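Listed here are the chains, written in short residue letters.
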Amino acid sequence: MIAEVALPIPVRKLFSYRIPKELENKISAGQRVLIPFGNRKEKGYVVSINETTGQSYLKDISGVVDDIPIITTELLKLAEIISNNYVCSLGETLDSIFSVNINKTDTILPPEQMTFIPKHNKPGIFLLTNLPRKERMEMYINLLSESLKNGECILLVPEIFFITDFIKRLSDVFGNVVNIFHSGITPKQRYINWIDTLNNKMKITLGTRMALFMPFGKLKTIIIEDETDQSYKNQQKPMYNTIDAAMERSKLTGSVVILGSRIPSLESYYYYKTKKYRMIKNKYGSKDSFEKPEFNVKIIDLKETKTVFSNELKTEIEQRLAKNEISVIFLNRKGYVNVLFCPTCGTTRKCPECGISLVYHEKESLLKCRYCSFTEKFSEACPTCGSKNLRFLSSGIEKIEDEIKRVFPHLRVMRIDSSTLKTEKDIHQSVEEIASDRIDLLIGTQSLLQLEPKINSADKLDNPADIFRKITLLSILDVDTLLHLPDFRSAERAFQLVYKLSDILNKSDNPADKKSTILIQTRNSDHYIFNTLKKLDWKKFYNSELVHRKELGYPPFNRLINIVVHGRNKNNVLNEAQKMSGFLQETFKDRITILGPVEPYHIKLRSEYRQQILLKIDPGRTEEVGAKLGAYKPEHNARITFDVNPYELV
Ligand SMILES: [Zn+2]
Ligand SMILES: [Zn+2]
């Protein structure tokens, strides 16, 4: 008997090994085995078993890692699809998805039932939107109860901190058929949970993106909470997108995928419009119509002032203070230190082809596009208004905190960012402090979103939930740092972020209460986003954004593939990038758009030099292009990483 084995190396082929007598009947597809490779022992994955092979001399399999196949037939197929779609070898894919996540323990029971793939597949993708997170979570429980009647479910959340809260609720409702799967538990525990699922002891897994691959035999529903979160993109090989991978799994298992979010991603909205996705009716019974959140939205143009806080913002904060209410100031965590911004007219210099901000290269005194090879000489004067006061697009939270203390010395301020919210305990403590009325102003980064679910489930605390009705002002201090990031999704992400953050605000049903306020500061209120943002009309914004995307050839109209050539030696990397570029020109001619090679944002990363080539291709040709890229062999001691549908170019 011969086993075809996938090895975790960047070679896109399978290796044949003989199954020795003593291991016959002990090895099947989906099992991890040890094999001799060169002069070392490697771990491999058995993909299939054949009677014979053409090769006369073969090495023997040395042993097994697990006594049973831990990967089901369906998951093997899924791994094969991911390996093709994301141009990564099957062995590397399997290793990344399975082996890294689970380590063996001694207690193993053989599975009671083989994998079951339904004959009549009816996969479908549904959107669940327009509800705050807390209400979405309750909707998920209803959906889970329904689908548990004839199958099993996976519920994915973007971050571990959502799991600790929600697992209690799920266990209360569904009992001991719920387990969790994420990087925060030990490999040993992950192995136990994996085997429990394989043995049909579980019906629901709650976890982060790695839980998508749980070995359920009768998977019926995959729920992805906050589909717009960037953590759903795997940043290591294979660089899969969890949503796309979930769709592939739904096709194999005939299960349903539900994408939940405050507002959908632009791409999901497009697929809804083009009838590829459907919408789930929410509790208001409305399918398509959506309730716009009842907030006052104020767009404040700081114009040419040097100030960080507009008079309007100061007044709003003072008013909150007088009424013993709480204000929140949001600051973007990331600043692009090398994008030049003109505070006088509120613009950045953009690439005429790609529509994204140009990046400043000080040494050469040049402005360069991150996507294509467009370059222009740096000039000290802003090309739009002539001002010579250009500064970098960034915001330091510590600096702003000092400024706040100077402007509002009497305010009790709490800072919320990744350095102050490290553990579950930190989060709890922060909420306690807010609850016990010791805070007037929260100033925070994206970490504020971690506080939101706690604040919204505050009734479980000893303190009265009334306190949380007091958060009535949200200010986006500097929306320009979001809008001008050199990324074609920057405006879309800014819009989604405002919605997500608004969940922290009081939404009182009492007509006597004043509506909460969202105050957004910019230096250019002429930017096209504000027309729709001031009405929180995401649909209108998405429709206009789709027109831009089509003009510039971005997703969903085109698929992007980012090719990164990397290696230790700079010249080798440059040479290989040229060779790759030549190969692409010759192979595809003008049938795809080839941008670059260019220097990526991080020219050097993990002590390797990098060059980037960005491809724009027709979505229908993904497979053809993927196959040709997969067959390409790099030289010059350089390596190549493919990022299909990149979320962010680093
Ligand atoms: Zn460009
Ligand atoms: Zn200007």
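Refer to the preceding data block for the structure.
Residues numbered from 1 in each chain as written. Chains lettered and ligands numbered in written order. Predicted model: local features only at pLDDT ≥ 70, side-chain atom pairs only at ≥ 80, totals over all residues. Heavy atoms only, no water.

In terms of helices and strands, the protein carries 17 helices and 29 strands. For the protein, the residues scored as buried account for 57% of the 650 residues in total. In the protein, once contacts between residues fewer than 6 apart in sequence are set aside, the share between residues at least 24 apart is 76%. For the protein, the accessible area works out to roughly 28700 Å², and carbon and sulfur atoms hold 49% of it. (Helix = DSSP H or I, 4+ residues; strand = E, 2+ residues; numbered from the N terminus. Buried < 20%, exposed > 50% of the residue type's maximum accessible area, 1.4 Å probe, protein only. Contact = heavy atoms within 4.5 Å. Areas by Shrake-Rupley, 256 points an atom, 1.4 Å probe, with all protein chains shown as cover.)

Taken together, Cys351 (SG), Cys354 (SG), Cys369 (SG) and Cys372 (SG) make up the protein donors of the zinc ion (ligand 1), found 2.3 Å from the metal. Every donor counted, the 4 donor atoms about the zinc ion (ligand 1) form angles of 107 to 112 degrees at the centre, which fits tetrahedral coordination. When the donors of the zinc ion (ligand 1) are listed by position in the chain, the intervening gaps give C-x2-C-x14-C-x2-C. Here the two residues cysteine 351 and cysteine 354 agree in accessibility, since each one is buried. (Donors = N, O, S within 2.8 Å, 3.2 Å for Na, K, Ca; no water. Tetrahedral: all angles 85-135°; square planar, octahedral: opposite > 155°, others 65-115°.)

So, about the coordination of the zinc ion (ligand 2). At this site the zinc ion (ligand 2) is bound by Cys342 (SG), Cys345 (SG), Cys382 (SG) and Cys385 (SG), with donor distances of 2.2 to 2.4 Å. One way to put it: the 4 donor atoms around the zinc ion (ligand 2) meet at angles of 104 to 114 degrees, and that makes the site tetrahedral. The motif formed by the donor residues of the zinc ion (ligand 2), counted along the single chain, is C-x2-C-x36-C-x2-C. Cysteine 345 gets classed as buried once you look at its relative accessible area, which sits at 17%.

A few words now on the pattern of salt bridges. For the coordinates displayed, the defined rule picks out 37 salt bridges. The partner of arginine 249 in a salt bridge is glutamate 74, and the shortest N-O contact between them spans 2.6 Å. A residue pair is termed long-range when its members are at least 10 positions apart, and arginine 249 in helix α6 (residues 242-253) and glutamate 74 in helix α1 (residues 73-85) qualify at 175 residues. Since its relative accessible area comes to 2%, glutamate 74 is described here as buried. A salt bridge links glutamate 138 to arginine 169, with the nearest nitrogen and oxygen atoms 2.8 Å apart. Highlighted residues: glutamate 138 in helix α3 (residues 133-148) and arginine 169 in helix α4 (residues 160-174), separated in sequence by 31 residues. Here the residues in one salt-bridge network are Lys298, Glu316, Arg320, Lys323 and Glu325, joined through shared partners. (Salt bridge = Lys/Arg side-chain N within 4 Å of Asp/Glu carboxyl O.)

As a further point, take the pairing of strand β1 (residues 2-6). Burial of β1 is extensive: 5 of the 5 residues sit out of reach of the surface. The two faces of β1 match: Ile2, Glu4 and Ala6 on one face and Ala3 and Val5 on the other face are all buried. Examined bridge by bridge, β1 and strand β4 (residues 40-50) share 5 bridges and lie antiparallel to one another. Within β4, the residue paired with glutamate 4 across the bridge is serine 48. Here 4 bridges tie β1 to strand β2 (residues 15-18), and the two strands are oriented antiparallel to one another. Residue pairing for β2: isoleucine 2 is matched across the bridge by arginine 18. (Pairing = 2+ DSSP bridges.)

Its place among the elements puts leucine 536 in the loop between α14 (529-533) and α15 (538-552). Since its relative accessible area comes to 3%, leucine 536 is described here as buried. Between the alpha carbons of leucine 536 and tyrosine 499 there is a distance of 8.0 Å; along the sequence they are 37 residues apart.

Here we come to the pairing of strand β7 (residues 152-156). Here β7 lies mainly inside the structure; 5 of its 5 residues are buried. In β7, alternate side chains face the same way, and those of Glu152, Ile154 and Leu156 on one face and Cys153 and Leu155 on the other are all buried. One ladder, built from 4 bridges, connects β7 with strand β9 (residues 204-207); its direction is parallel. Bridge pairing links isoleucine 154 to threonine 205 in β9.

Applying the stated rule across the entire model yields 21 aromatic pairs. With centroids separated by 5.5 Å and ring planes inclined at 85 degrees, the aromatic side chains of phenylalanine 15 and phenylalanine 37 adopt a geometry described as edge-to-face. Placement of phenylalanine 15 in strand β2 and of phenylalanine 37 in strand β3 (residues 32-37) is noted, with a sequence separation of 22 residues between them. Comparing phenylalanine 15 with phenylalanine 37, the two get one shared label, buried. (Phe/Tyr/Trp six-rings, centres within 6.5 Å; stacked < 30°, edge-to-face > 60°.)

On to the nonpolar core, then. Among the nonpolar cores identified, the biggest contains 113 residues, and Ile563, Leu615 and Leu629 are the most heavily contacted of them. In terms of residue count, helix α13 (residues 490-502) provides more of this core than any other element does, 7 residues in total. In contact with leucine 629, not counting residues within four places along its chain, are Val87, Ile561, Ile563, Met580, Leu584, Leu615 and Phe642. If you look at the next biggest cluster of nonpolar residues, it comprises 25 residues, including Leu128, Ile141, Phe162 and Leu170. (Core = buried A, V, L, I, M, F, W, Y, C linked by side-chain atoms within 4.5 Å.)

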